[in-house]
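Structural description and commentary
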Amino acid sequence: MSLHTRPLGLAALATTGCLLLTGEGAAAALPIPLPIAFPCPGAQPDGGLPPAPARRYAGTTEEDGGPGTAAWGTEADGVSRWFRRQAVPGPEATPHPETTPPPKTAPHPECATQPAARGTAGAGGVGDRYFPQSGNTGYDAADYRVDLRYSPKTRGIDSTVTMTATATQDLSSFDLDFRGPAVRSATVDGAPAKYQRTANKLVITPPAALDEGATFTTAVHYAGRPSPIGNPDLGTYGWVASRDGAVVVSEPDGAPTWIPVNDHPSDKATYTFAVTVPKDLQVLANGVPDTPATHGPDTTYTWHERMPMASYLASIAIGRFQVRKGTVALPGGRRIPVITAVDPAFKKAAAKLYTTTVKAIAWESTLFGPYPFSTVGGIVDDPRLDYALETQERPVYGGFAPDDDFIVHELAHQWFGDSVSLRTWGDIWLNEGFATYAEWLWHERTGKDSAKKAFQRYYRQPATSPIFNPPPGRPGKDELFGFSIYIRGAMCLQALRDRVGSPTFFKILRAWAAQHRYGNATTAQFEALAQQMSHKKLAGLFDAWLNTKNKPKRW
Ligand SMILES: [Zn+2]
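This write-up is about the structure you can find in this document.

Cut-offs applied
Residues numbered from 1 in each chain as written. Predicted model: local features only at pLDDT ≥ 70, side-chain atom pairs only at ≥ 80, totals over all residues. Helix = DSSP H or I, 4+ residues; strand = E, 2+ residues; numbered from the N terminus. Buried ≥ 20, exposed ≤ 12 C-beta atoms within 10 Å, placed from the backbone. Contact = placed C-beta atoms within 7 Å. Pairing = 2+ DSSP bridges. Axes fitted to C-alpha atoms, helices over the stretch in contact; angles between N-to-C directions. Core = buried A, V, L, I, M, F, W, Y, C linked by C-beta atoms within 7 Å.

Some remarks on the overall build of the protein
Regarding its fold elements, the protein presents 11 helices and 28 strands. Counting across all 555 residues of the protein, residues that qualify as buried make up 52%. In the protein, 68% of the contacts between residues at least 6 apart in sequence involve partners at least 24 apart.

So, in structure tokens, the structure goes:
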């Protein structure tokens, strides 16, 4: 993800005294909702859930930006850019994540004791320190099929999501993360299943317990109007309505606004999206498209994401788009489809989006190794989100025409974040530091500046600057997407490059992308790989750049 460069917007916002408009900030601000109990056995009242409470953000400039403030300012290269934002601390501030035990989302006792004589409930929450309720440990999702019909009249959806998964324990019940519209029915292996909802969970009790190792399918049918997380003034993510449809951008935990899902990047899966719309609309999504099928007044667009994907990267965009298709030749001779789409309001961005995407993906393939996916592209849609998200194979740019840095950044995430995914959200610098460093490398390539010079200019900033705090290896949930995660994360990589030399450094990047391709990885694994490949002791360097407060002095 990256925030939008917007010098003009900056001036406008400066007069409002309020810096907003970032989905990540809104995410960080959301208190963990308390479960809302629905009566057993199951069907919740119609109408979905109330929208998440809104939080305000303070705004200031980088010059007066200390901890606890949001900030914008001017980058070392003189480009004004959103820097970071942080929620004004509220009374419900999250306890230090490292000390937060993952709370169990126990099924309603009466439900839990119903038919399943064997097995236990899969634990709600896979143990992520920052999102302790996200995911479920009782199963491993392999595939999701999303059959969704969108109605422009109601702006609502009628959707069935079918998950294929393997039980990782004898399972009496399990949950999916879900905060979308009203559930109509649920089945397990085709048989009706009982279900109940809490604020963020759909707990499903199959008619008979599932054996450990068994592959099963569960289908959830739901209908109504999805709501995003946050609100338009403060930052919005998840299912976001656009003027002529909707677009989905879910980092970090917005996927449950539109699909029931095991919502944690540690459980990646393949996806099929079959989306039916009136035939004057189009649908883009991750992956490879089938030929659209028109039947009567409607058209069904089907897209296949055949590589494992984290749920926050799953995306569709519904609306009217100028679509451009072509191919790009990657190093080694592989040629893959390029599909870009822009909302007509951004038609001036269309040519640049396409040509820079083609240029950047070929160049990044030479630096980072073989491109991990089957297609590439990008989507510019009209909701003014002022950030971009690296949605797999086809990043979304929310409400602005992306410049080179944005395109390079989001495409670098295809290796770092999308193919090599986080095991826990606390390692977010593995995504953002790497993608930011790709921007610096792009400047180096185009002769604008070397990455080393960028490092040196940032290093001259005062120790109190938000580019240094919090340390990127210990972001805290509220600062997951803080400025330091991006910039100091990239500085860590430059410090590593200085220590091990450029040839070894780039070998390390390629080995990282290759060894964990389509998987999950941790900071500790990156440090171990760098040490092993460079034959140098690097613990001090990583500790200084990732973990120590303020500006690192020696490393
Ligand atoms: Zn990013």
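Observations concerning the sheet that holds strand β1 (residues 2-3)
Taken in spatial order, the six strands make up an open sheet running β1-β25-β26-β24-β23-β22, and their pairing is mixed. If you trace the sheet from one side to the other, it starts and ends with β1 and β22 (322-329), each paired once. With respect to the sheet, helix α4 (residues 350-368) is in contact with β22, β23 (335-342) and β24 (376-381), its orientation differing from that of β23 by roughly 150°.

Here we look at the pairing of strand β12 (residues 215-224)
The pairing of strand β6 (residues 156-167) with β12 spans 10 bridges and is antiparallel. Looking across to β12, one finds that Thr 160 is bridged to His 221. Alignment of strand β8 (residues 182-188) against β12, held across six bridges, turns out to be antiparallel. Paired with Ser 185 across the strands is His 221, a residue of β12.

So, the sheet that holds strand β7 (residues 171-177)
Within the open sheet, the four strands sit side by side as β4-β7-β11-β10. Their pairing is mixed. Looking along the sheet, the strands with just one partner apiece sit at the ends: β4 (120-121) and β10 (194-197). Pairing between β7 and strand β11 (residues 201-205): four bridges, direction antiparallel. Paired with Leu 176 across the two strands is Leu 202, which belongs to β11.

Some thoughts on the nonpolar core
Note that soluble globular proteins tend to have their nonpolar side chains buried in a common cluster. Ranked by internal contacts, the top residues of the largest apolar core, which has 134 residues, are Tyr 144, Ile 204, Val 275 and Ile 316. When neighbours within four sequence positions are excluded, Tyr 144 is seen to be in contact with Val 161, Met 163, Ile 259, Val 261, Ala 269 and Tyr 271.

What about unusual backbone geometry?
Excluding glycine, most residues fall at negative phi; most peptide bonds, likewise, are trans. Cis geometry is adopted by the peptide bond preceding Pro 252, which originates at Glu 251 and carries an omega value of 0°. Summarising the element assignment, Pro 252 is placed in the loop between β15 (245-249) and β16 (269-278). Put simply, Asn 469 and Pro 470 share a cis peptide bond, and its omega is 0°. Among the secondary structure elements, Pro 470 is positioned in the loop between α7 (451-459) and α8 (483-500). If you check the backbone angles, His 535 has positive phi at about 55° while not being a glycine. Structurally, His 535 can be placed in the loop between α10 (523-534) and α11 (539-547). The backbone phi angle of Asn 550 is positive, close to 60°, even though this residue is not glycine.

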